[in-house]
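# Residue-level structure breakdown
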Amino acid sequence: MTTLKKSLLLKGIPASGGFAFGEARIIFKWVQSIEEHLIPESQVDNEIEKLDNAVDETLVELEKWRKSAGQKIGGPVAKIFDSQMMIASDREFLKRVKEEIKSDRKNAAYVYSRLIEETVSPLRVSPDPYMRQMVYDIEAVSQRIINHLAGLGEHQEAVFPPDCVFVAKEFTPGEVLSLYERKAAAIVTTGGSAVTHMALIARSLLIPAVVGVEQAHLKIRSGDRVVVDGDEGIVRVNLPAEEWSELRRRKVKLTGRHIERLQKLPQFPPRTADNKEIELAANIDLPGPIDDILASKKIGVGLYRTEFLYLQNGKFPSEDQQFEVYDRVAARYHPQAVVIRTFDLGSDKYFSDDRQLRESNPALGWRGIRAALDMPKIFRDQLRAILRASKRGNIRILLPMIADIAELRKAMSLLRRSMVDLRKEKMAFDQEIKVGVMIEVPSAAVAAEALAERVSFFSIGSNDLTQYTLAADRDNERLAKIFNPLHPAVLRLIKLSIDAARSHNIPIAVCGEMSGDPLNIPLLVGMGINQLSMSPSRLFNACQIVSKMRCDDAVRLADEVLRMKNLKEVEGRLLEYNMSLQ
Ligand code: PEP
Ligand code: MG
């Protein structure tokens, strides 16, 4: 007798974009409860030796992952494992564990886990999300040590078929690397957030991931058929048989690992059905293995979110460290342009130190350019590093969260001073470097004329522009119906910005999520957007729409849509046009 499996629709946090499906594999990897027992005096040394061995084995694993991350993603990500190795070998902590094994004559696993719990429990309730990130790192390391103490070793040695969707309470960064090697289709976790190291690595490896899915590891069972939408943060479990067969039939189109899909992209720029070139570019958070593929297809970077350099370590990298990273990215993509956005920290991208005061409205608080201008030394280090990496002429600077011309003036003054210093120091840089602003605060769109006079390009951050225009938190699931960049009010602000850019003859891009949605692409092109920059996982579908649409139709479509007064009408019309292309 066959039992019908319950279909579920689970919502979580989008952590790594892309769409994938496969059979679920639940990973219950950690020792769930640790028994406490008294050990005879004669066993004490033995227990301490077991602890040392478990630490050594963990260090060997972490070293292996560090190397693998270095090869696949690059130096900055490999540093995550450096800090995990420091946690694993923390001498003071291990000394305390050993002393307690001796004094209490308790088993090593129990003493170790008790002291870890004592360390992390105050951090778990810390208001600072980076303290909570620290908890993930400590737990990732300590669980491995405890597993070795329990003689479980690495769960990853198990054999899995390719294209599984891996589900767990948490995955560590190292485990994500192992899952990548096992050709994971996607990752779903109960815990986590979009800025954990695990999420960063999943994004760098293009593995779709949804995190923070309530009780995912208990609600989903191994063997369930799971569809993961990493852009929307949606996980569908046990699709009806017909839908599942349809997905399998279209498998070649939809899956294949994302890197392979990127390799199948046409040479850029793609052309519309009426033979017009459309400029598509990639958004990158951390340089990674996909850079070579993107560069080989002549795809440039429309938005490089440099704040992830800070977020991955909770520390600002020095000027030289930044120079190394920016220079590598610029060299890889040359002659394609790389738009480097200066640090956009604050709000949902927290400072891990006490710079960020508790704010009741963080999205309206000390973030982006406001924070950068208040930390001139840090900002100057970044500007100097970007300038030094600009000598090939393909770097552009993008300033985030500009709400007022005074902010632009101050940032430009810092930039000019950095240029003067570099000239004195006889350092080469692009003397004509182009500087643009993000249009993501409504005041910037309204004052776009004045901004356009002073910059070389605009880039619309539709995520924040939508959030601020509609007063709807971009991360609040309950407001998902309200948060929509196609709202006529948002479209009007985009139109104002395009008009201002046109009248001053500067290019204008969209780099928020809306530009990667095939439904929106004809509209944005028709409105006069010059470049659409999106998460790499969306480039494939974007190219397909571009090849089917016509520019003359898109212009008519945009005229029509801009006259519409409500969102439903806009969505309906765009959907209708999209269907006509299928
Ligand atoms: C945006 O706001 O649309 C944008 C691209 O910036 P971020 O998503 O990094 O805030
Ligand atoms: Mg933004």
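Notes on the structure follow. (Residues numbered from 1 in each chain as written. Chains lettered and ligands numbered in written order. Predicted model: local features only at pLDDT ≥ 70, side-chain atom pairs only at ≥ 80, totals over all residues. Heavy atoms only, no water.)

### Description of the pairing of strand 14 (residues 457-460)
Cut-off, in case you're wondering: Burial classes follow relative accessibility: with a 1.4 Å probe on protein chains only, a residue under 20% of its type's maximum area counts as buried, one over 50% as exposed, and anything between as partly exposed. Numbered from the N terminus, helices here are DSSP runs of H or I no shorter than four residues, and strands are runs of E no shorter than two. Only when DSSP finds a minimum of two bridges between them are two strands counted as paired.
Residues of strand 14 alternate between two faces, with Phe-457 and Ser-459 on one and Phe-458 and Ile-460 on the opposite face, all of them buried. Taken together, the four bridges between strand 13 (residues 434-439) and strand 14 define a ladder with parallel strand orientation. For Met-438, the partnering residue across the bridge sits in strand 14 and is Ser-459. Sheet topology note: the strand 14/strand 15 (residues 508-510) ladder contains three bridges and is parallel. Note that in strand 15 the partner of Ser-459 across the bridge is Ala-509.

### What about the side chain of Ser-515?
Going by this rule: Polar contact is defined as a pair of N or O atoms within 3.5 Å, subject to the rule that within protein one atom must be able to donate a hydrogen and the other to accept it, and that residues adjacent in sequence are counted only when both atoms are side-chain atoms. Here, residues are in contact when the closest pair of their heavy atoms is within 4.5 Å.
Tracing the backbone shows Ser-515 in the loop between strand 15 and helix 22 (521-527). Classification of Ser-515 by relative accessible area gives buried; the value is 0%. Reaching out from Ser-515, the side chain makes a polar contact with the backbone oxygen of Gly-512 at a distance of 3.0 Å. Among the polar contacts made by the side chain of Ser-515, one reaches the main-chain carbonyl oxygen of Ser-533 at a distance of 2.7 Å. Not counting the four nearest positions on each side in its chain, Ser-515 is found in contact with Val-510, Ile-521, Leu-524, Leu-532, Ser-533 and Met-534.

### Some words on the site of ligand 1
Short version of the rule: Here a residue is considered near a molecule or strand provided that any single heavy atom belonging to it is located within 4 Å of it. The Shrake-Rupley method, run with a 1.4 Å probe, gives the accessible areas here. Residue values count only the displayed protein chains as cover. Classes in brief: Ala, Val, Leu, Ile, Met, Phe, Trp, Tyr, Cys and Pro nonpolar; Asp, Glu, Lys and Arg charged; the others, Gly included, polar.
Near ligand 1 lie 14 residues; those nearest to it are Arg-305, Arg-341, Gly-461, Asn-463 and Arg-474. Between Arg-305 and ligand 1, the recorded distance is 2.7 Å, taken from a side-chain N or O atom to an oxygen atom. Here an oxygen atom of ligand 1 sits 2.8 Å away from a polar atom, N or O, in the side chain of Arg-341. Within the complex, 99% of the 290 Å² of free accessible area of ligand 1 lies under protein. Looking at the shell around ligand 1 element by element, the count peaks at three residues for helix 20 (residues 462-470). Among the residues making up the shell around ligand 1, the classes are represented as three nonpolar, four polar and seven charged.

### Section: the sheet that holds strand 5 (residues 186-189)
Quick note on the threshold: In this analysis, axes come from line fits to C-alpha atoms, helices being fitted only over the stretch in contact, and the angle between any two N-to-C directions falls in the range 0 to 180 degrees.
Reading across the sheet, the eight strands line up as 1-8-7-3-4-5-6-2 and stay open at both edges, with mixed pairing between neighbours. For this open sheet the edge positions go to strand 1 (8-11) and strand 2 (13-16), each flanked by a neighbour on one side alone. In this sheet, neighbouring strand axes are inclined to one another by 25 degrees on average, regardless of whether the strands run parallel or antiparallel. Relative to strand 4 (residues 165-168), strand 3 (residues 19-26) runs parallel, the two sharing three bridges.

### A few points about unusual backbone geometry
For the bond from Phe-268 to Pro-269, the omega torsion is -5 degrees, close enough to zero to count as cis. With respect to the helices, strands and loops of the structure, Pro-269 is situated in the loop between helix 11 (258-263) and strand 9 (279-284). In this structure, Met-401 is a non-glycine residue whose phi angle is positive, near 60 degrees. Structurally, Met-401 can be placed in the loop between strand 12 (395-399) and helix 17 (405-424). Among the residues examined, Met-401 registers a relative accessible area of 1% and is labelled buried. For Ala-471, which is not glycine, the phi torsion reads 50 degrees and is therefore positive.

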